[in-house]
Amino acid sequence: MIRHILSALFASAFLGAATLAQVADPADASTFPGFDPGSTMRRFQADNGPEWQVRWTHETNAPRLIFGGNLPLVPANALSPEALVVASRSFVNEMAAALGYDADTLVLDRVKQLPLARAGGTDKIVVKFHQVVDGVPTHHGYVNLLFSADGRLLGLDNQGLPHVAQVKLDPTVTLGAAAQAAQAAFAADTGVAAISVEPAGYVLFPGKPDARKNAVRAMPAYEFKLAASYNPRTGELPVIRQYVVSARGTPAVLDSWSLVHGDLVGKVQGNAQAGLLPDGGAPEVLQNLKDVRLVAAGEPNQLSDANGNFTFAGTNTSKLVTASFNGMYSRVDNIAGGESSVALTLAPGVSQNFMLNQSLSEQTTAEVNAHISVEHFRDWVRSLDPGDTSFDFQLLSNVNEADTCNAFYDGGSLNFFLAGGGCPNTSYSTVVWHEEGHWANDLYGSGNGGDGFGEGGADCWSMYIADNPVVAQDFFGLGTNIRTGDNTSAFCGDSNPGCYGEVHADGEPLMGAIWKVRRNLKTSLGAPAGSALANQYLLAWFQTFNDSQIKSIIEDHWLMLDDNDGNLNNGTPNYTTIDAAFKEQGFPGFTLPLFTVSVTPVNSPVNSEGAVTVNATVVEANAALNAVKLFYTTNGGANFSSVPMSFVSGNTWSGQIPGQVSPAVVGYYVRATDLASNGNSFPAKAPTDFLSYDVGTVTVHQFYDFEPVSDESWVHQQIATQDDWNHGSPNGASTDPATAYSGSSVWGNDLGLAGFNGIYQPNVNNNLTSPTFNLSGKTGTRLRFRRWLNVEKGIFDLARVYVNNTIVFTNPSATDLLDTSWIAQDFDISAIADNNPSVSVKFELISDGGVEYGGWNIDDFQVLSLGPVSGGQFIPYGAGTPGQGGIAPALAGSGSATPGGSVTLMTSGAKPAAPGTLFIGTDQVAIPALGGTFLVGNVLATAGLITSPGGTTVVMGALPNTPGIIGMQITLQHWLLDPAGAKGKAATNGLLITIQ
């Protein structure tokens, strides 16, 4: 249906008037069923090991990259492209609750072998999909899965949008109305009117969520290509832009970008030289030209080979042959005049040479330079991957355009300018490779993002092909260059990639890091091997990952390509050199753990005052293990005690936290260290972050996960300047989380919704207050919630929590508080809230005029009571042995199974006045015996009993008042004489008592 709608729309005269739908259909706000990224990824990591890591994308609240470990999805003996596709789709479906879409929305692009072993790396395979729903593709919606050569999944790189299958795809905005909006925006952006408006597609585009709804993250949109008047012979620069306009609701421009990527702007003076230098400084070098088209009347066209040779086979008469730059992979147009061509009459068997620029003029040399450089780019790619056909088409180069000191790529051609104003003719080597690099960015799906990625990525192509860090040498005169990979422009962080304010400068952190990878590999492996491996990795990076922004995830991608065993936690063959390169450019780097530590959380609450066992898994990653310790606290982390953990087997360690008097809250973490006391902890940020469990019984009085659309009577207000409290999905803007702790919604300061940037503003005073709770008759009350808080130090900005009018939390006064994960918060509020019929909680934020961060984010809020342990449980187990009436007697218990507690044991349904024995042990067993099943193991004692005339026995007593018996398990079974039973015996079920 959608295809038919689009066909009709694109065939219409779209510049006419249109009726606009002003309000989007509320059905557009639906979400993918079961969407819960946080919980899904936590379960995945728990099931598959701590080496698996997640990088979240701020725009969609879903994982951007799942990587670090390996899953054997396709057996090596069954490896095939078809099997990899099936496994990829299956994995996407498994992760659908995190991604927000399933494999039905993915269309296979290709399965590509990455021949990294050609240069000493490890071969890998990428399965590439594009997200498409009902024929409508997602803008830049690539989903790529990386496999080892033996079928192990190494990672999923996700640029799909969640909830796309829930989006209404049919437009309510006409194509004409959308085109008018694009034209108006073009005129406002450029100051000139567009003379051509070309529909360029119908896509799903990232959208912004409504502040009060779990809104979809995509909307249908039209794409247009608009151009202003441009005649390359007049010297005017082209103005060509792409616009994306919403197709539902109001025809709003969602995004736009220039399709012209120009470079080398400036005025310089000086001479040029040969090689990688511009034309004019040294004599041109005569070279053989490949892919030159030769035409003769009545003969098939021929193309010169790599040595410049050509043959018209079977021709016995002289022919007039014309040679021109119109090859299979390169066509050159001379904008300043006629294109170079040479016509010679060839006699059979007499070889003649064609000289296309015998005059050695600037204009003809520019044609040769463009042709040679374009051909070299393709040859370079094919030398690394002979199966890569990305450049198997005719690229157009326009040379000698009537302007100076610039060059550009416009989406369909490369364009180079005449010498003048002190600048050389811009058609030469690294300039051509840079502009063709923009084309490569588009061909491989990364695009030319406005944060500098397009420029930095194009520079990477040029530097690697040239094996030289300088792009456009001597462009401003002898010894002056445009840019170099040896720059020191520092990466400004994931939230501010375009930090230098101009796209070429913004791209320098990327070109610098990628060049330094190559430089370091040449140093560590030797120049030939290092260059070869770097080249393979650069091409594989573009082939595999569709990075479109300069972010720290780029290093993760390079390390995934370098990895050789499916576990990034133990490093990669060239980890040191790659990581050092990114760090030198100011990227955060990838920190290898000395050990990977995971802990099996204690089930809470613990209804016992006995010692609690904690089990941990510790794997040596990059150091030799010396010790594992268990740290615990009973005062909220003010101080910790520690106990050594004991080796069990394999990678398992075990330790015990001493018993605590209930009610109590115990926090704990595990740390593994080497001989120098360096190590890793679980949780990773311990001791500021730790696990916890309750000792006692828990009764929850109030709980809010903030998932309902309603605010549920929570109230927010402005005291000064601004009230920026939002209820909805976090967006990862500024320092905020990308996802809720559970579900999809939270309360927070400025969640990065439409028109906001995620940062609280200067000089604000605002708060969020809970409903009023009646806690009459409630004791042992506590306040708990999950916090993601980023705020300046307390002497400047304040983040506080009040219970009624009492402050229970305030941020540190001397240091900024910068959470990077959801932190559990627990406060004893019993002195304020116990037996209080009117209790409320307030979250406050007050800022000064200086630094601002992301502020509060709150999820899973609860008020509860923690009481003492309730005593042990009496749990029946196993099947008894039937006696009279074909029924087995029953054994039950009651009372308080605590030290010193009174316990009653009762047998019922037995033969009256029957003698028997009560067996008491510590183990549950099932041993066939006496015609039934014996259920008590490790028997410690027995007691003789006779049933009453009613077929019962009752035994009462007190357990020893000894703390040492806490946690002990006791098993019991009553056997008695009964002629009706098998072998004259009958027996009860077993009974398990746990002393607490």
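Higher on the page you've got the structure.
Asker: So what exactly am I meant to see when it comes to the overall build of the protein chain here?
Answerer: When you go through the protein chain residue by residue, the secondary structure sums to 14 helices and 54 strands. Dimensions of the protein chain, computed from C-alpha atoms along their principal axes, come out at roughly 130 × 65 × 60 Å. Per-residue burial for the protein chain yields a buried fraction of 52% across its 996 residues. Taking the intrachain contacts of the protein chain between residues at least 6 apart in sequence as the baseline, contacts between residues at least 24 apart amount to 69%. As displayed, the protein chain has an accessible area near 39000 Å², and 53% of this comes from carbon and sulfur atoms. Treating the 49 positive side-chain charges of the protein chain as one cloud and the 88 negative ones as another, the clouds have centres 6 Å apart.

Asker: Would you mind going over the sheet that holds strand β51 (residues 953-958) with me for this structure?
Answerer: Within a beta sheet, neighbouring strands are joined by backbone hydrogen bonds and run either parallel or antiparallel to one another. A sheet is described by the order of its strands in space; here three strands give the open sequence β45-β46-β51, paired in antiparallel fashion. Each edge of the open sheet carries a strand with a single partner, namely β45 (890-895) and β51. Ignoring strand direction, the axes of neighbouring strands in this sheet form an average angle of 15°. Relative to strand β46 (residues 902-908), β45 runs antiparallel, the two sharing six bridges. Note that in β46 the partner of Gly893 across the bridge is Leu905.

Asker: Any chance you could explain the sheet that holds strand β35 (residues 765-769) here in plain terms?
Answerer: The sheet built from five strands is open, its strands ordered β32-β35-β42-β38-β39 with antiparallel pairing. The open sheet terminates on both sides in strands that have one partner only, identified here as β32 (715-720) and β39 (806-810). Going from strand to strand, the sheet's axes swing by 25° on average, the running direction of each strand aside. Relative to strand β42 (residues 841-846), β35 is paired through five bridges, and the arrangement is antiparallel. Note on β42: the bridge partner recorded for Thr769 is Lys842.

Asker: Looking at this structure, I do not really get helix α13 (residues 575-584). What am I missing?
Answerer: Think of an α-helix as turning once every 3.6 residues; residues three or four places apart then point the same way. Among all positions of α13, only Tyr575, Thr577, Ile578, Asp579, Ala581 and Phe582 are buried. Tucked into the core, α13 has its buried residues touching α10 (508-525) and α12 (553-562). Positive phi appears at Gly586, one or two residues downstream of α13, with a value of about 95°.

Asker: Explain the side chain of Arg784 here, please?
Answerer: Structurally, the position occupied by Arg784 is in strand β36 (residues 781-787). Within the structure, the side chain of Arg784 is placed 2.5 Å from the side chain of Asp694, a separation counted as a polar contact. Within polar-contact distance, the side chain of Arg784 engages the side chain of Asp826 at 2.3 Å.

Asker: So what exactly am I meant to see when it comes to the environment of Ser446 here?
Answerer: Looking at the element boundaries, Ser446 is found in the loop between α7 (429-443) and α8 (453-466). A C-alpha to C-alpha distance of 28 Å links Ser446 and Asp333, two positions 113 residues apart in sequence. Of note is the side chain of Ser446, whose polar atom sits 3.0 Å from the backbone oxygen of Asp547.

Asker: I tried to follow the state of the cysteines on my own but got confused; where do I start?
Answerer: One covalent bond between the sulfur atoms of two cysteine residues makes up a disulfide. For the structure shown, the criterion picks out two disulfides. Each disulfide pairs two cysteine sulfurs, and for Cys405 the partner residue is Cys423, the sulfurs being separated by 1.9 Å. One quick way to see it: the torsion about the S-S bond of Cys405 and Cys423 is about 100°, and its sign makes the bridge right-handed. A residue pair is termed long-range when its members are at least 10 positions apart, and Cys405 in the loop between β17 (395-401) and β18 (407-409) and Cys423 in the loop between β19 (414-417) and α7 qualify at 18 residues. For Cys405, a relative accessible area of 3% gives the class buried.

Asker: For this particular structure, what's the right way to read the pattern of salt bridges?
Answerer: Between side chains of opposite charge, pairing is possible as soon as their charged atoms come close. With the rule as written, the count across this model stands at 19 salt bridges. Ionic pairing is found between Arg55 and Asp556, a salt bridge with its closest N-O pair at 2.7 Å. Taken together, the residues span a long stretch of sequence, with Arg55 in strand β1 (residues 53-56) and Asp556 in helix α12 at a distance of 501 residues. By relative accessible area, Asp556 is classed as buried at 2%. A salt bridge links Arg784 to Asp826, with the shortest nitrogen-to-oxygen separation between them at 2.3 Å. Within this pair, whereas Arg784 is found in strand β36, its partner Asp826 is found in strand β41 (residues 823-828), the two being separated by 42 residues in sequence. Counted as one network, the salt bridges with shared partners bring together Asp694, Arg782, Arg784 and Asp826.

Asker: Is there a simple way to explain a nonpolar patch on the surface in this structure?
Answerer: A cluster of nonpolar side chains, namely Val698, Val700 and Phe703, defines an oily patch on the protein surface of about 240 Å² accessible area. Looking at where Val698 falls in the secondary structure, it is placed in strand β31 (residues 697-704). Look at Val698 and you get partly exposed, because its relative accessible area is 30%.

Asker: I would appreciate a short explanation of unusual backbone geometry in the present structure.
Answerer: Most peptide bonds take the trans form, and the phi angle of most residues other than glycine is negative. Put simply, Phe682 and Pro683 share a cis peptide bond, and its omega is -5°. If you trace the backbone, Pro683 turns up in the loop between β29 (679-682) and β30 (691-695). Look at the link from Ala686 to Pro687: it is a cis peptide, with omega at 5°. Relative to the assigned elements, Pro687 resides in the loop between β29 and β30. At Asp134, a position not held by glycine, the phi torsion is positive, near 50°. Mapped onto the elements of the fold, Asp134 is located in the loop between β4 (124-133) and β5 (136-148). Classification of Asp134 as exposed rests on a relative accessible area of 54%. A positive phi is found at Asn804, a non-glycine position, where the angle reads about 50°. With respect to the secondary-structure elements, Asn804 resides in the loop between β38 (798-803) and β39.

What counts, and where the lines are drawn
Residues numbered from 1 in each chain as written. Predicted model: local features only at pLDDT ≥ 70, side-chain atom pairs only at ≥ 80, totals over all residues. Heavy atoms only, no water. Helix = DSSP H or I, 4+ residues; strand = E, 2+ residues; numbered from the N terminus. Buried < 20%, exposed > 50% of the residue type's maximum accessible area, 1.4 Å probe, protein only. Contact = heavy atoms within 4.5 Å. Areas by Shrake-Rupley, 256 points an atom, 1.4 Å probe, with all protein chains shown as cover. Lys, Arg positive; Asp, Glu negative; His and termini not counted. Charge placed at Lys NZ, Arg CZ, Asp CG, Glu CD. Pairing = 2+ DSSP bridges. Axes fitted to C-alpha atoms, helices over the stretch in contact; angles between N-to-C directions. Polar contact = N/O pair within 3.5 Å; in protein donor to acceptor, adjacent residues only side chain to side chain. Disulfide = S-S within 2.5 Å. Salt bridge = Lys/Arg side-chain N within 4 Å of Asp/Glu carboxyl O. Patch = residues over 30% accessible without salt bridge, like charges linked within 9 Å, V, L, I, M, F, W, Y side chains within 5 Å.

The quantities given are spatial measurements derived from coordinates; they are silent on function.
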